[in-house]
Amino acid sequence: MASRGLDRAEFGDAAAHESFLRYRRFRWFKIGAVLSLLTIIVYFLVDVQPRHNGGSWLGYTLGTIGALLIFWLSILGIRKRAMTRGRWSLKAWTSAHVYLGLALIIIGTLHTGFQFGWNVHTLAYALMMLVIISGIYGITVYAVLPQGLSDSRSEMTGPQMIEAVNSLDKQIQISAQPLSDEDSAVVLGSLGEDPFGGGAWRRLSGNYPKCGNRAALAYMRQRLDETSGKQQLAVEQVVQLLEKKAAALARLRGYIQRRALLEVWLFVHIPLTFVLIAALVAHIISVFFYW
């Protein structure tokens, strides 16, 4: 159930583009809704004794439909590499992927007959739900974050934002020369800091509590009240540059955070899909083994 590589146009503003969610006036939403509704109606109309379960004829039928859907949905990652137009364009395929994937919540749940346990059958169901939940997260962030990602860049590319930070570092280094040895050590110690430092969690959270620039800025602001004359002028200049760098770092880190939030779900969604298929195969084999 992968959709990596979909660009903003696929998710874009409906006024300018027909997004995959709105494809052909919600064609696949309607198909998915009808499929879900029919499944619910049949489930409640059919009398299964002693109760609904995955081993009844209806349970096998729903399980077969669900398994076929999962296998079909999982090949989107292959399908997206072939750009074609028409009824089965990538946009149409993605739209079907989303809405039929959501229909799996109904089909898969009713297939279980609401009987769960510590076994491979429940494992397959739980993995399916995790894959669907990660897919919902992916749709949400792709619908929300691209505009924020564009705004955060201020018409700059990633390398340009990094270069802006490096340029400010050079200016700060020159401006710090008139400072006292103690002040200069604090300021120079904040230079050359890796703006991406802190690992994946820092990128996702956008929180950098050990930011050297922030610490140097706080220190130098305090020094403004403790200095006078030429020394104060030098401190003021350094403070202004540190504030500019703080703004540049905030822009760069905001951009990094949005990109991380945009892509992180794929590191869950795709591997989980493979695990789901393995569990699904084990589930099917065990069903036939004990038939």
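As a starting point, this report considers the structure included with it.

Cut-offs applied
Residues numbered from 1 in each chain as written. Predicted model: local features only at pLDDT ≥ 70, side-chain atom pairs only at ≥ 80, totals over all residues. Heavy atoms only, no water. Helix = DSSP H or I, 4+ residues; strand = E, 2+ residues; numbered from the N terminus. Buried < 20%, exposed > 50% of the residue type's maximum accessible area, 1.4 Å probe, protein only. Contact = heavy atoms within 4.5 Å. Areas by Shrake-Rupley, 256 points an atom, 1.4 Å probe, with all protein chains shown as cover. Axes fitted to C-alpha atoms, helices over the stretch in contact; angles between N-to-C directions. Parallel < 35°, antiparallel > 145°, perpendicular 65-115°, else oblique. Left-handed = near helix turned anticlockwise from the far one by under 90°. Nonpolar A, V, L, I, M, F, W, Y, C, P; charged D, E, K, R; others polar. Core = buried A, V, L, I, M, F, W, Y, C linked by side-chain atoms within 4.5 Å. Patch = residues over 30% accessible without salt bridge, like charges linked within 9 Å, V, L, I, M, F, W, Y side chains within 5 Å. Salt bridge = Lys/Arg side-chain N within 4 Å of Asp/Glu carboxyl O.

## Remarks on the overall build of the protein chain
Helices and strands together make up the secondary structure of the protein chain, namely 12 helices and 0 strands. Split into buried and exposed, the 291 residues of the protein chain put 43% on the buried side. Contacts spanning at least 24 positions in sequence make up 75% of the contacts within the protein chain whose residues lie at least 6 apart. Carbon and sulfur atoms provide 62% of the accessible area of the protein chain, an area that totals close to 16300 Å².

## What to know about the packing of helix α7 (residues 158-175) against helix α11 (residues 229-263)
Where α7 meets α11, the axes come as close as 9 Å, and the angle between the chain directions of the two elements is 160 degrees. Classified by the angle between their axes, α7 and α11 sit roughly antiparallel to one another. Seen along the crossing, α7 lies across α11 with a hand that is left-handed. For the pair α7 and α11, the contacting residues are G158, M161, I162, V165, L168, D169, Q171, I172 and S175 in the first and Q237, V238, L241, L242, K244, K245, A248, L249, R251, L252 and Y255 in the second. Counted by class, the contact of α7 with α11 contains 12 nonpolar, 4 polar and 4 charged residues.

## Topic: the nonpolar core
A general tendency of soluble globular proteins is for nonpolar side chains to be buried together. Counting residues in each nonpolar core, the largest one holds 32 residues, and the members touching the most others are W28, I70, L100, L104, M128 and L276. Elements supplying a minimum of two residues to this core: α2 (23-45), α3 (57-73), α5 (90-112), α6 (120-153) and α12 (266-289). Of all the elements, α5 adds the most residues to this core, at 9 residues. For L100, the residues in contact, after removing those within four places along its chain, are W28, I31, G32, L35, L69, W72 and L73. If you look at the next biggest cluster of nonpolar residues, it comprises 26 residues, including M156, V187, A234 and L242.

## Looking at a nonpolar patch on the surface
Taken together, the side chains of V34, L37, L38, I41 and L45 define a hydrophobic patch exposed on the protein surface, amounting to about 500 Å² of accessible area. Locating V34 in the fold gives a position in helix α2.

## A look at the pattern of salt bridges
Tallied over the entire structure, the rule returns 5 salt bridges. Where D169 meets K245, a salt bridge forms, and the shortest distance between an N and an O atom there is 2.7 Å. Here D169 is found in helix α7, whereas its partner K245 is found in helix α11, with 76 residues between them in sequence. One exposure class covers both D169 and K245, and it is buried. For the salt bridge of R221 with E243, the shortest nitrogen-to-oxygen distance reads 2.9 Å. You can see R221 sitting in helix α10 (residues 212-224) and its partner E243 sitting in helix α11, a full 22 residues away along the chain. The exposure class of E243 is partly exposed, given its relative accessible area of 35%.

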